[in-house]
Amino acid sequence: MVLTEALGILAAGIAAGTVNAVVGSGTLITFPVLLGFGYAPVIANVSNTIGLVPGSVAAVIGYRAELAGQRRLLARLGCFTFVGSIIGATSLLLLPGGAFKAIVPVFILAALVAILMQPRLARRLEARRRQSASEASPGTLAAVLATGVYGGYFGAAQGILLLAILGVALDQRLQRVNAIKNVLAGLANLVAGVVFVFAAHVAWEPALVIAIGSSIGATVGARAGRRLPPAALRGVILLVGLAAIVKLLV
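Just so it is clear, the model here is predicted, and its values are computed rather than measured.

1. Quick word on the confidence of the model for the protein chain
Looking at the protein chain as a whole, its pLDDT mean stands at 83, while 82% of the residues score no less than 70. Element-level pLDDT for the protein chain is lowest in helix α6 (residues 118–127), with a mean of 64, against a maximum mean of 94 in helix α4 (residues 71–94).

Here it is as structure tokens:
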């Protein structure tokens, strides 16, 4: 790995860690960068997933105050995320590479639409919290399972999907919902990463660089929280996401 490649991937990892801690969708930054440096899509996804795990841990630590008193809820939601992420990671390894190249642009496009809608979504989350919904309903658990499958397979915008689901279903302040999101998205990354370590080809050099960058970024993102300019972050994600779609389709 040459210096320019290492610096580019490090910068992407820092940006991804920051975005993941605050909203989610950091994969839309690091994944296209790996593609741009010539890594095959499946290898890029596997290496990226592993590299983002330390950043997820840093984000959870940064939001530990908002996690107080949520152990029972986290355990229940975590079980469904765990199962879903195993299914998703296994699907990535079993499906042919051509299928991944065909599916991922659709995932990215859906994620970009979700990012565009995020400001409206955030307002609706605050307005539509259900006072009686302090526990996860069967429908919520099923939705969390589905996001776990998606997170294990690719994961871009999984955090936004979780914010949408949990923000509406739970009677929680949005910052506490964001803390839960960080735990579940991090768990999906961790479980998928363990599967990939034993069953997939990993490009360890970029994975290590992303790990360093995402840890730095997540620490900064967790401290800054919602004071970071979301419009600017969405703009960057949109640009690199569109670049990824073009790269995959071409």
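2. A look at the environment of Gly88
Relative to the assigned elements, Gly88 resides in helix α4. Those residues within four positions of Gly88 in sequence are excluded, and the remaining contacts are Val149, Gly152 and Tyr153.

3. With respect to empty space enclosed by the protein
Going through the model one piece at a time under the given rule, you end up with two cavities of 30 Å³ or more. Quantified by volume, the largest cavity comes out at close to 200 Å³. Lining the largest cavity are 19 residues, and of these Asn20, Ser56, Ala185, Gly186 and Asn189 sit closest to its centre. Listed by contribution, the elements that provide at least two residues to the lining of the largest cavity are α1 (3–22), α3 (41–62), α8 (158–169) and α9 (174–199). Here the lining of the largest cavity gets five residues from one element, more than from any other, and that element is α9. When grouped by side-chain class, the residues that make up the lining of the largest cavity number five nonpolar, 13 polar and one charged.

4. Focus: α4
When the terminal C-alpha atoms of α4 are compared, their 34 Å separation across 24 residues agrees well with the 34 Å that a helix rising 1.5 Å per residue should span. For α4, every residue scored as buried is listed here: Leu73, Leu74, Leu77, Gly78, Thr81, Gly84, Ser85, Gly88, Ala89 and Leu92.

Reading guide: rules and limits
Residues numbered from 1 in each chain as written. Predicted model: local features only at pLDDT ≥ 70, side-chain atom pairs only at ≥ 80, totals over all residues. Heavy atoms only, no water. pLDDT = per-residue confidence, 0-100. Helix = DSSP H or I, 4+ residues; strand = E, 2+ residues; numbered from the N terminus. Contact = heavy atoms within 4.5 Å. 1 Å grid on protein atoms, 1.4 Å probe; cavity = no way out; pocket = protein on both sides within 12 Å on 5 of 7 lines; lining within 4 Å. Points joined across faces, edges and corners; volume = space filled by probe spheres on them. Nonpolar A, V, L, I, M, F, W, Y, C, P; charged D, E, K, R; others polar. Expected span 1.5 Å × (residues − 1). Buried < 20%, exposed > 50% of the residue type's maximum accessible area, 1.4 Å probe, protein only.

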